[in-house]
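Structural overview for review
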Amino acid sequence: MSNNNTFSFKKNTDISALPDATPENIQPMAKPAKMKPKAIKKDKQVSTYLSEEEWDKFQEKLDGRTQAGVLRNLVLEYIEK
C-alpha cells in the first residue's frame, strides 16, 4: 500500500494583499490616561430649599449631570472669586 498523499503549500499568485492595502478610516492613537487628583475628604454638607418652579428649572439645566457635581462646582467657583 503506497501513500501518495504529500502535503505542500501552494503559493497564492492571484491575490494581492497587504503592501497595496489601505485602510478606509485610520483612528488616531488613544491619549494616555490622565492622573486623577488625590481624593480629599469632604465631610461638610450644604443644603437649601427650592420652590417647585426653581426645582423644575434646575432639573432642566442639569442636562444629565448629577445635582451634587453641579452644585459643588458652583460653590467652588463662587469661593475662588
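One can find the structure itself at the top, above this paragraph.
Residues numbered from 1 in each chain as written. Predicted model: local features only at pLDDT ≥ 70, side-chain atom pairs only at ≥ 80, totals over all residues. Heavy atoms only, no water.

Some points on the overall build of the chain
Across its full length, the chain carries two helices and zero strands. Every one of the 81 residues in the chain was classed for burial, and the buried ones make up 4%. In the structure as shown, the chain presents an accessible area of about 9,600 Å², 55% of it carried by carbon and sulfur atoms. (Helix = DSSP H or I, 4+ residues; strand = E, 2+ residues; numbered from the N terminus. Buried < 20%, exposed > 50% of the residue type's maximum accessible area, 1.4 Å probe, protein only. Areas by Shrake-Rupley, 256 points an atom, 1.4 Å probe, with all protein chains shown as cover.)

Section: the packing of aromatic side chains
In this structure the tally under the stated criterion is one aromatic pair. With a centroid separation of 6.2 Å and an interplanar angle of 55°, the aromatic rings of Trp55 and Phe58 are classed as tilted. Within this pair, Trp55 and its partner Phe58 are both found in helix α1 (residues 52–62), separated by three residues, close to a single helical turn. The exposure class assigned to Trp55 is partly exposed, which follows from its relative accessible area of 35%. Judged by relative accessible area, which is 16%, Phe58 ranks as buried. (Phe/Tyr/Trp six-rings, centres within 6.5 Å; stacked < 30°, edge-to-face > 60°.)

Some words on the pattern of salt bridges
This model, assessed by the stated rule, comprises two salt bridges. A salt bridge links Lys81 to Glu77, with the nearest nitrogen and oxygen atoms 4.0 Å apart. On the accessibility criterion, Lys81 (79% relative accessible area) is exposed. Judged by its relative accessible area of 44%, Glu77 is partly exposed. (Salt bridge = Lys/Arg side-chain N within 4 Å of Asp/Glu carboxyl O.)

With respect to a nonpolar patch on the surface
The grouping of Val75, Tyr78 and Ile79 at the surface amounts to a nonpolar patch, some 360 Å² of accessible area in total. Positionally, Val75 belongs in helix α2 (residues 67–80). Take Val75: its relative accessible area is 41%, and that puts it in the partly exposed class. (Patch = residues over 30% accessible without salt bridge, like charges linked within 9 Å, V, L, I, M, F, W, Y side chains within 5 Å.)

Some words on the packing of α1 against α2
Packing of α1 against α2 brings their axes to within 10 Å, and their N-to-C directions diverge by 95°. Put simply, α1 runs roughly perpendicular to α2. Between α1 and α2, the residues in contact are Trp55, Phe58, Gln59 and Leu62 and Gln67, Val70 and Leu71, respectively. Considered class by class, the residues forming the contact of α1 with α2 number five nonpolar, two polar and no charged. (Axes fitted to C-alpha atoms, helices over the stretch in contact; angles between N-to-C directions. Parallel < 35°, antiparallel > 145°, perpendicular 65-115°, else oblique. Contact = heavy atoms within 4.5 Å. Nonpolar A, V, L, I, M, F, W, Y, C, P; charged D, E, K, R; others polar.)

So, the environment of Ser47
Along the polypeptide, Ser47 turns up in the segment before α1. Its relative accessible area of 63% is what places Ser47 among the exposed residues. A C-alpha to C-alpha distance of 9.9 Å links Ser47 and Leu71, two positions 24 residues apart in sequence.

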